[in-house]
Protein chains: 2
Amino acid sequence: MVRDETTPRLISPRVPFGELNLDKPLKLGIMASGSGSNFEAVAQAIADGQLNAQIQVLIYNNPDAKAAWRAQQWGVPAVLCNHREYGSREDLDRSIVEALQRHQVEWVVMAGWMRVVTPTLIDAFPDKIINIHPSLLPSFKGVRAVEQALEAGVKIAGCTVHLVLPEVDTGPILLQAAVPVFPDDTHQTLHSRIQTQEHLVLPQAIALAAQVNS
Amino acid sequence: MVRDETTPRLISPRVPFGELNLDKPLKLGIMASGSGSNFEAVAQAIADGQLNAQIQVLIYNNPDAKAAWRAQQWGVPAVLCNHREYGSREDLDRSIVEALQRHQVEWVVMAGWMRVVTPTLIDAFPDKIINIHPSLLPSFKGVRAVEQALEAGVKIAGCTVHLVLPEVDTGPILLQAAVPVFPDDTHQTLHSRIQTQEHLVLPQAIALAAQVNS
């Protein structure tokens, strides 16, 4: 069985960055709940000159999220919006919107944000919120997407970057990437393989979204 | 945008034929409603020595299906089971089962069979019916799978070979293959791209199924 965890898998449509003309840097706000590896991928793509953008702020909801540490390394302001400290989802989202606006964010990137967002957030950035989800949507919406894929026994898994609509994990698809599932995969090995692709497609999808809706 | 309609896309798991040890030729019955291009692919894989099998019979349900003509070219008996001539799905399936059994079929391959099958057929060949469906299941079950994918705006489409359970387009997945969707794709161009992959994975999935359940 052929295995190569590092080379790109199927990504489509394959739009070279060079074809994307962005006149001025996109002002991004990134929302992350976990390790922030997608934050890192976007920051690196910017540093490498592949994506004409600035990360204005990182919003994180877990006090010990590694994402906050990464933001510090990159010199990006990090704002903790701890969901445990708010009475409702709307209250949390109001606080997030306030932080994003305070940092002049134009585009919001949900990069591993594990909370359901409300119209309070969505309506504040119409058609300018991007989400990345670890499945080939419309398969396996919602939480535990990687586990769902393993339980279903699919042989191909992947990730999807899409614009956010009020329903969970819906909205126009920007990019998808596919990876093989191997018979002995665990949640960890499959998730890791999917994340490698997430890091490739997310910066590209941001550029694509900005070009379509600038 | 990179385009290549002929090279293999992502197929997983990639099991070389050589790893599949089939002691004796599988006795296949193939069911087809349309052009029979998957019938052709299986016949060719057998002729090329990639799949140790014999096609015992082709079952077709449309009098003018090109599949019947292909069967004739390959010297395979073709039996017309015209659904319009039966009062119920069960009656049709009883006639199909009779034809399959008369030709000593062990494994049934639904290769573009456009009729819903009943327990009459499924119970006659338990765990030995294979279906190929033009989507990455569980996305886009049922009819018009390619149109459903285009309407959903997915960027990656594909096909799935699975064992058949009584529910439509469910059952353990044997193999899947993924293809890109391009912005200007029509049903015809996307379907053609998917079919190219179907022809690659179907013979391999048959060998895989036979090895797992021999």
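These lines cover the structure that appears in this document, whether it is placed above or below. Remember, it's a predicted structure, so these values are computed and weren't measured experimentally.

**Considering the pairing of strand β5 (residues 107-110) of chain B**
Residue and element names in this part refer to chain B. The two faces of β5 match: Trp107 and Val109 on one face and Val108 and Met110 on the other face are all buried. Summarising the sheet, strand β2 (residues 26-32) and β5 pair through 4 bridges and their orientation is parallel. Residue pairing in the sheet places Leu28 in a bridge with Trp107 of β5. Bridging between β5 and strand β6 (residues 129-133) involves 3 bridges; their strand directions are parallel. Bridge assignment links Val108 to a residue of β6, and that residue is Ile129.

**Focus: the environment of Glu198(A)**
Residues and elements named next belong to chain A. Tracing the sequence through the fold places Glu198 in helix α6 (residues 187-212). For the pair Glu198 and Asn38, spaced 160 residues apart in sequence, the C-alpha separation works out to 7.1 Å. Residues within four places of Glu198 in sequence aside, it is in contact with Asn38, Ile132, Pro134, Cys159 and Pro203.

**Overview of α6(A)**
For α6(A), with 26 residues, the first-to-last C-alpha span of 35 Å sits near the 38 Å given by 1.5 Å per residue. Along α6(A), the helix axis deviates most sharply at Val201(A), where the bend reaches about 30°; the proline Pro203(A) sits within four residues downstream.

**Side note on the packing of helix α1 (residues 37-47) of chain B against helix α6 (residues 187-212) of chain B**
All names here are of chain B. In the contact formed by α1 and α6, the axes pass within 9 Å of each other and the chain directions differ by 50°. In terms of their interaxial angle, α1 and α6 are classed as oblique. For the crossing formed where α1 meets α6, the hand is right-handed. Contact residues: Ser37, Asn38, Ala41, Val42 and Ala45 in α1; Gln195, Glu198, His199, Leu202, Pro203 and Ile206 in α6. Of the residues in the contact of α1 with α6, the class split is 6 nonpolar, 4 polar and 1 charged.

**Thoughts on the nonpolar core**
Judged by nonpolar contacts, the single largest core of 49 residues is most densely connected at Leu28(A), Val42(A), Leu51(A), Leu58(A), Ile130(A), Leu202(A) and Ile206(A). By residue number, the principal contributor to this core is α6(A), which donates 10 residues. Look past the residues within four positions of Ile130(A) in its chain and what remains in contact with it is Trp107(A), Val108(A), Val109(A), Met110(A), Val161(A), His162(A), Leu163(A), Val164(A), Leu174(A), Leu202(A), Ile206(A) and Ala209(A). Ala65(B), Ala111(B), Phe140(B) and Val179(B) belong to the second-largest nonpolar core, a separate cluster that totals 48 residues.

**Some thoughts on the side chain of Asp185(B)**
Residues and elements named next belong to chain B. Structurally, Asp185 is set in the loop between β8 (173-180) and α6. Using a relative accessible area of 11% as the deciding quantity, one classes Asp185 as buried. One polar contact links Asp185 to Thr189, side chain to side chain, over a distance of 2.6 Å. At a separation of 2.7 Å, a polar atom in the side chain of Asp185 contacts the side chain of Arg193. Excluding residues within four positions of it along the chain, Asp185 makes contact with Leu150, Pro180, Leu190 and Arg193.

**Comments concerning unusual backbone geometry**
Cis geometry is found at the peptide bond from Leu137(A) to Pro138(A), where omega equals 10°. Among the secondary structure elements, Pro138(A) is positioned in the loop between β6 (129-133) and α5 (145-152). In this structure, Arg144(A) is a non-glycine residue whose phi angle is positive, near 55°. Position of Arg144(A) among the secondary structure elements: in the loop between β6 and α5. For Phe140(B), which is not glycine, the phi dihedral falls at a positive 60°. Phe140(B) gets classed as buried once you look at its relative accessible area, which sits at 12%.

Conventions used here
- Residues numbered from 1 in each chain as written.
- Chains lettered and ligands numbered in written order.
- Predicted model: local features only at pLDDT ≥ 70, side-chain atom pairs only at ≥ 80, totals over all residues.
- Heavy atoms only, no water.
- Buried < 20%, exposed > 50% of the residue type's maximum accessible area, 1.4 Å probe, protein only.
- Helix = DSSP H or I, 4+ residues; strand = E, 2+ residues; numbered from the N terminus.
- Pairing = 2+ DSSP bridges.
- Contact = heavy atoms within 4.5 Å.
- Expected span 1.5 Å × (residues − 1).
- Bend = angle between axes of the 7 residues up to and from the residue.
- Axes fitted to C-alpha atoms, helices over the stretch in contact; angles between N-to-C directions.
- Parallel < 35°, antiparallel > 145°, perpendicular 65-115°, else oblique.
- Left-handed = near helix turned anticlockwise from the far one by under 90°.
- Nonpolar A, V, L, I, M, F, W, Y, C, P; charged D, E, K, R; others polar.
- Core = buried A, V, L, I, M, F, W, Y, C linked by side-chain atoms within 4.5 Å.
- Polar contact = N/O pair within 3.5 Å; in protein donor to acceptor, adjacent residues only side chain to side chain.

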